[in-house]
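What follows is the residue order along each chain.
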Amino acid sequence: MFSLTVANSMQPEHIELEAGAWVDRYEQWLCAEDAARLYELLLGELAWEQRHVVLFGKPVLQPRLIAWAGALPYRYSGQTLPPRPWPASVAGTLGPLLSALQALGGTELNHVLVTRYRDGQDGMGYHADAEPELGPDPLVMTLSLGAPRRFAIKRHKSQTRARVMLLTSGSLLVMGGSCQHHYRHALLREPAVTAERVSLTFRYLLRAPKATPGEAAG
């Protein structure tokens, strides 16, 4: 266990989008040394899984690995992640990190999805965090560790070009307002990238999802 120093007093790059949506980007919310230590801790201690999601009605393997923690189940893309505590080996470090994020966002956070992109061939297609259990306008906070990767966000059902930004190790991205209702975001594939990236995405689940017949097992 080790302590992290966060920059909650840092002023973010604030991006006003359309229809009441916005994004805040903190370039070095964690310093380089702390980001590297946390990255190595998570790589070694979390139970990484490659799971199936449902795309166009068919189960396919995700092009990434995941781990998670939360008191409630979280369902997305036809799969349900059951409740799971942090491993004891990381709880002492991530508990204060969660408290710092809650103070920054002014909201409770009760679930984190940790995603491991093994290289630039791994990515995440355009989507929104729009599950009913998150409410109409959820705050979504993502901490990036490891290799820099390109993050894209664009207006839903619009022909305008996506806004692309580089997420570096230790940076924090906060999506708020109506962002999940009016926008879609993606982590773009970059074949030239050979290093790994880990992201921690924190959300607040209002309730457990309703059971859906035929969904992938947790």
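Below, the structure is looked at part by part. Keep in mind it's a predicted model, so treat the numbers as computed, not measured.

A separate point is the packing of helix α1 (residues 32-45) against helix α2 (residues 88-105). Axis angle and axis distance: for two packed helices, these are the angle between their axes and the distance between the axes, and together they describe the pair. The contact between α1 and α2 brings their axes to 10 Å, and the two run at 135°. Between α1 and α2, the interaxial angle falls into the category oblique. When the axes of α1 and α2 are compared, the crossing they make is left-handed. Between α1 and α2, the residues in contact are Leu-38, Leu-41, Leu-42 and Glu-45 and Ser-89, Val-90, Thr-93, Leu-94 and Leu-97, respectively. Taken together, the residues of the contact of α1 with α2 sort by class into six nonpolar, two polar and one charged.

Our focus in this paragraph is the nonpolar core. Ranked by internal contacts, the top residues of the largest apolar core, which has 33 residues, are Trp-29, Leu-38, Leu-42, Leu-97, Leu-143, Leu-145 and Leu-200. Elements represented by at least two residues in this core include exactly α1, β5 (65-70), α2, β8 (111-117), β10 (140-146), β13 (172-177) and β15 (197-203). Considering every element that reaches this core, the biggest residue donor is α1, with six residues. Here Leu-38 is in contact with Phe-2, Leu-4, Leu-30, Thr-93, Leu-94, Leu-97, Leu-143 and Leu-145, once residues within four sequence places are set aside. Grouped together as the second largest cluster of nonpolar side chains are 13 residues, Ile-15, Phe-151, Ile-153 and Met-175 included.

With that out of the way, let us pick up α2. Spanning 18 residues, α2 covers 25 Å between terminal C-alpha atoms, matching the ideal 26 Å at 1.5 Å per step. In the structure, α2 departs most strongly from a straight axis at Leu-94, where the bend amounts to approximately 35° and where the proline Pro-96 lies between one and four residues downstream. Within α2, the full set of buried residues consists of Val-90, Thr-93, Leu-94, Leu-97, Ala-100 and Leu-101. If you follow the buried residues of α2, they end up packed against α1, β10, β13 and β15.

Moving on to the pairing of strand β11 (residues 149-155). In summary, the side chains of a regular strand alternate between the two faces of the sheet. With five bridges connecting them, β11 and strand β12 (residues 163-167) associate as antiparallel partners. Note on β12: the bridge partner recorded for Arg-149 is Leu-167. Relative to strand β14 (residues 183-187), β11 runs antiparallel, the two being bridged by five bridges. By the bridge assignment, Arg-155 is partnered in β14 with Tyr-183.

The subject of this paragraph is the side chain of Arg-64. Structurally, the position occupied by Arg-64 is in the loop between β4 (58-61) and β5. Buried and without a salt bridge, Arg-64 has Asp-122 as its closest oppositely charged side chain, separated by 7.4 Å. Only 2.8 Å separates the side chain of Arg-64 from the backbone oxygen of Gly-123, close enough to count as a polar contact. Discounting chain neighbours no more than four positions away, the residues touching Arg-64 are Glu-49, Gln-50, Thr-115, Arg-116, Tyr-117, Arg-118, Asp-122, Gly-123 and Met-124.

Reading the values: the criteria
Each residue is numbered by its place in its chain's sequence as written, counting from 1. Confidence filtering applies because this is a predicted model: local features only for residues at pLDDT of at least 70, side-chain atom pairs given and counted only at 80 or more, and all residues used for totals across whole chains, interfaces and linings. As a convention, hydrogens and water are excluded, and side-chain values are obtained from all of the structure's heavy atoms. Simply put, an axis is a line fit to the C-alpha atoms, just over the touching stretch for a helix, and the angle between two N-to-C directions goes from 0 to 180 degrees. Secondary structure counts use DSSP, requiring at least four H or I residues in a row for a helix and at least two E residues in a row for a strand, with both numbered from the N terminus. Throughout this description, any angle smaller than 35 degrees is read as roughly parallel, any larger than 145 degrees as roughly antiparallel, any in the 65 to 115 degree range as roughly perpendicular, and the remainder as oblique. It is the rotation of the near helix from the far one that decides the hand of a crossing: anticlockwise by less than a right angle makes it left-handed, clockwise makes it right-handed. Contact definition: two residues touch when any of their heavy atoms are within 4.5 Å. Note that Gly is not counted as nonpolar here; it falls among the polar residues with everything else outside the nonpolar set of Ala, Val, Leu, Ile, Met, Phe, Trp, Tyr, Cys and Pro and the charged set of Asp, Glu, Lys and Arg. Only buried residues count toward a nonpolar core. Its members are Ala, Val, Leu, Ile, Met, Phe, Trp, Tyr and Cys residues joined through side-chain atoms within 4.5 Å. Relative accessible area decides the class of each residue, using a 1.4 Å probe on protein chains only: under 20% of the type maximum gives buried, over 50% gives exposed, and in between gives partly exposed. Here the expected length of a helix is defined as 1.5 Å per residue gap, with one fewer gap than residues. One axis fitted to the seven residues ending at a residue, another fitted to the seven starting there: the angle between these axes is the bend at that residue. The pairing criterion for strands is at least two bridges between them, as found by DSSP. For the purpose of counting charges, residues Lys and Arg are taken to be positive, whereas Asp and Glu are taken to be negative. His and the chain ends are not included. Definition used for salt bridges: Asp or Glu carboxyl oxygen within 4 Å of a side-chain nitrogen of Lys or Arg. We define a polar contact as two N or O atoms separated by no more than 3.5 Å, with the added condition that, inside protein, one atom must be a possible hydrogen donor and the other a possible acceptor, whereas residues neighbouring each other in sequence contribute only through side-chain atom pairs.

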